[in-house]
Amino acid sequence: MRLILLALCLLVAGSARAADAEVWTRLDALHASRADAAAVKELEAELKKALTATPDDFELVWRQARLLQWQADGAGNEKLKKVLGRQTWDVSEKAIKLAPARVEGHYYAATGIGAYSQAVGVMKALGEGLEGKFNERVDTAIKIDPTFNWSAPLLVKGRYFYELPWPKRDLKKSAEYYEKAIKKHPEMLRAHYFLAETLLKDDKAKEARDAIQKVKQGSVAYDPPEGQRIQEWAKKVEADIEEELK
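These figures come from a predicted structure and were not determined experimentally.

A. Representation of the overall build of the protein chain in the model. Scanning the protein chain from N- to C-terminus turns up 12 helices and 0 strands. When the helices and strands of the protein chain are read in sequence order from the N terminus, they spell out α-α-α-α-α-α-α-α-α-α-α-α. Principal-axis analysis of the C-alpha atoms places the extent of the protein chain at approximately 85 × 40 × 35 Å. When burial is assessed residue by residue, the protein chain has 46% of its 246 residues classed as buried. Put simply, of all contacts in the protein chain between residues at least 6 apart along the chain, 60% involve residues at least 24 apart. For the protein chain, the exposed surface amounts to about 13200 Å²; the carbon and sulfur share of it is 57%.

Take a look at the structure:
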C-alpha cells in the first residue's frame, strides 16, 4: 500500500512539474509577442493566475519582473516609469531571495532601479542612495552571467556610466561596456543604439553615425519587439547626429 501511495505521489509531482513547464513555455511565447497589446494583456492575466496558485515560483516571479521591465522601459511618462520601475525592482528583490545564484533577479532589479532613477531624476536617485544598490545588483548579474539576454547586464552597466552627471560620468567606460556586448552579441541593436548616444555625447558624431546605421540596417529577428522598439527610437538619435554633423 505504501509503495502504491508513493508511486501516486511521484506521478502527481511529475505532472505538476510538467504543468509548470508548460506554463513557462506559454508565458515565454506571449512575451515574444509583447509588441501586441492583446498579447500583453493575456500575459498579465496568465501571470496573475499562475502566481496566485504558486506565488513563490521563481520561474514565474522573474518572468513577472521581465514584463514589468519591458513596460517601464517603454513608459510614455515619468510618473508611469517611476511606478513600473519600482514594481520591477520590488518583484526582482523577491526573485533574488528565491534564487540568489540566478542572474535574472539581480539583472531585473538593476533595471528597475535604473528606470526608477531616470523617472525621479538621477541627482535625486543619488541623493536617495540608489547608486550603491544599483551597482551591487548589476555587478552581481555581470559576475553570474554577463551574456544573459544578449549581454544585457553589460548594457545596463554601460548606461550607468552614460547617465551619471558630471564629473562622475565616464563616456569612455560606457562605450567599453557596449563594445564588449557587441563583440559577444553583434545582433543586439540596443547595444549599437546606446553606443551611438554615448559617442554623440562624447563629440564623436561620425562614429555615432556608423553605430546608428547598424541599428537601422540590422535585423530584428533575434527579438522582434525589442528590435522594432530600438529602430523606432533610433530615428530621433539619427536626426540629432545629422544635426551635429551639419
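B. Focus on the layout of surface pockets. In this structure, the largest pocket encloses a volume near 1000 Å³. If you trace the largest pocket, you find 45 residues lining it, with Gln69, Asp73, Gln118, Arg190 and Phe194 closest to the centre. In terms of residue count, the dominant contributor to the lining of the largest pocket is helix H8 (residues 148–163) (10 residues). Residues of the lining of the largest pocket, tallied by class, amount to 27 nonpolar, 7 polar and 11 charged. Each pocket or cavity is described by its volume, and for the second largest pocket that value is around 160 Å³.

C. Representation of helix H9 (residues 171–184) in the model. In this model, H9 (14 residues) spans 20 Å end to end at C-alpha, consistent with the 20 Å of a helix rising 1.5 Å per residue. Residues of H9 that are buried: Leu171, Ser174, Ala175, Tyr178, Ala181 and Ile182. Down the axis of H9, the buried side of the element spans an arc of 120°, and every buried residue falls inside it. Among the exposed residues of H9, those oriented more than 90 degrees off its buried face are Lys172, Lys183 and Lys184. Along its buried surface, H9 packs onto H8 and helix H10 (189–201). Its side-chain oxygen at 3.3 Å from the backbone nitrogen of Lys172, Asp170 defines the N-terminal cap of H9.

Thresholds applied
- Residues numbered from 1 in each chain as written.
- Predicted model: local features only at pLDDT ≥ 70, side-chain atom pairs only at ≥ 80, totals over all residues.
- Heavy atoms only, no water.
- Helix = DSSP H or I, 4+ residues; strand = E, 2+ residues; numbered from the N terminus.
- Buried < 20%, exposed > 50% of the residue type's maximum accessible area, 1.4 Å probe, protein only.
- Contact = heavy atoms within 4.5 Å.
- Areas by Shrake-Rupley, 256 points an atom, 1.4 Å probe, with all protein chains shown as cover.
- 1 Å grid on protein atoms, 1.4 Å probe; cavity = no way out; pocket = protein on both sides within 12 Å on 5 of 7 lines; lining within 4 Å.
- Points joined across faces, edges and corners; volume = space filled by probe spheres on them.
- Nonpolar A, V, L, I, M, F, W, Y, C, P; charged D, E, K, R; others polar.
- Expected span 1.5 Å × (residues − 1).
- Arc of directions from axis to C-beta.
- Polar contact = N/O pair within 3.5 Å; in protein donor to acceptor, adjacent residues only side chain to side chain.

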